[in-house]
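Examination of the molecular architecture
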Amino acid sequence: MFIVISIMFAGIAVGYLLKRVSLLQKLGHSITYTIYALLFLLGTSVGSNPQIIGNLQTLGLQALLFAIAATLGSVLMAWVVYRFFMRRGGRAA
């Protein structure tokens, strides 16, 4: 997990340093389609795993609870960030 987070932060740093490069400005759509392809391949991998499919009822409930908790946590943190960092003089920045 440390490797994944390190790669993500390295990408953020490189993106920040190269934010003025015009080629990087044009990558948005191709990145979106690449993410769609990766999600499709992940779904294919999950669908072909008999262990996951056999335990889908139990795993599905746990996944639903985790998804709800993650969504509520994200909404709460977005509200906190907006409330304390994005407002100036009673108005959003």
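Structure: see above.
The notes below deal with the structure included here. Quick caveat: nothing in here was measured; it's all calculated off a predicted structure.

Conventions used here
Residues numbered from 1 in each chain as written. Predicted model: local features only at pLDDT ≥ 70, side-chain atom pairs only at ≥ 80, totals over all residues. Heavy atoms only, no water. Helix = DSSP H or I, 4+ residues; strand = E, 2+ residues; numbered from the N terminus. Rg over C-alpha atoms; globule rule 2.2 N^0.38 Å. Buried < 20%, exposed > 50% of the residue type's maximum accessible area, 1.4 Å probe, protein only. Phe/Tyr/Trp six-rings, centres within 6.5 Å; stacked < 30°, edge-to-face > 60°. Lys NZ or Arg CZ within 6 Å of the ring centre and 35° of its normal.

1. Details of the overall build of the chain
Scanning the chain for helices and strands turns up five helices and two strands. Counting helices and strands in the order they occur from the N terminus, the chain gives α-α-α-α-α-β-β. In terms of overall dimensions, the chain is more spread out than a globule: its C-alpha atoms have a radius of gyration of 19 Å, far above the 12 Å expected for 93 residues. Across its three principal axes, the chain shows a C-alpha extent of roughly 55 × 35 × 25 Å. By the burial criterion, 0% of the 93 residues in the chain qualify as buried.

2. Quick notes on the environment of Ile-35
Summarising the element assignment, Ile-35 is placed in helix α3 (residues 28-47). Looking at Ile-35, the relative accessible area reads 44%, which means it is partly exposed. Linking Ile-35 and Ile-7, residues 28 residues apart in sequence, is a C-alpha distance of 16 Å.

3. A closer look at the packing of aromatic side chains
Enumeration according to the criterion identifies one aromatic pair in this entry. Relative to Tyr-36, the ring of Tyr-33 lies with its centre 6.2 Å away and its plane at 65°, an arrangement referred to as edge-to-face. In this pair, Tyr-33 and Tyr-36 are both assigned in helix α3, three residues apart and thus about one turn of the helix distant. Here Tyr-33 matches Tyr-36 in class, with each residue exposed. In this structure, Arg-83 is placed above the aromatic ring of Phe-84, and the distance from its NZ or CZ to the ring centre is 5.7 Å.

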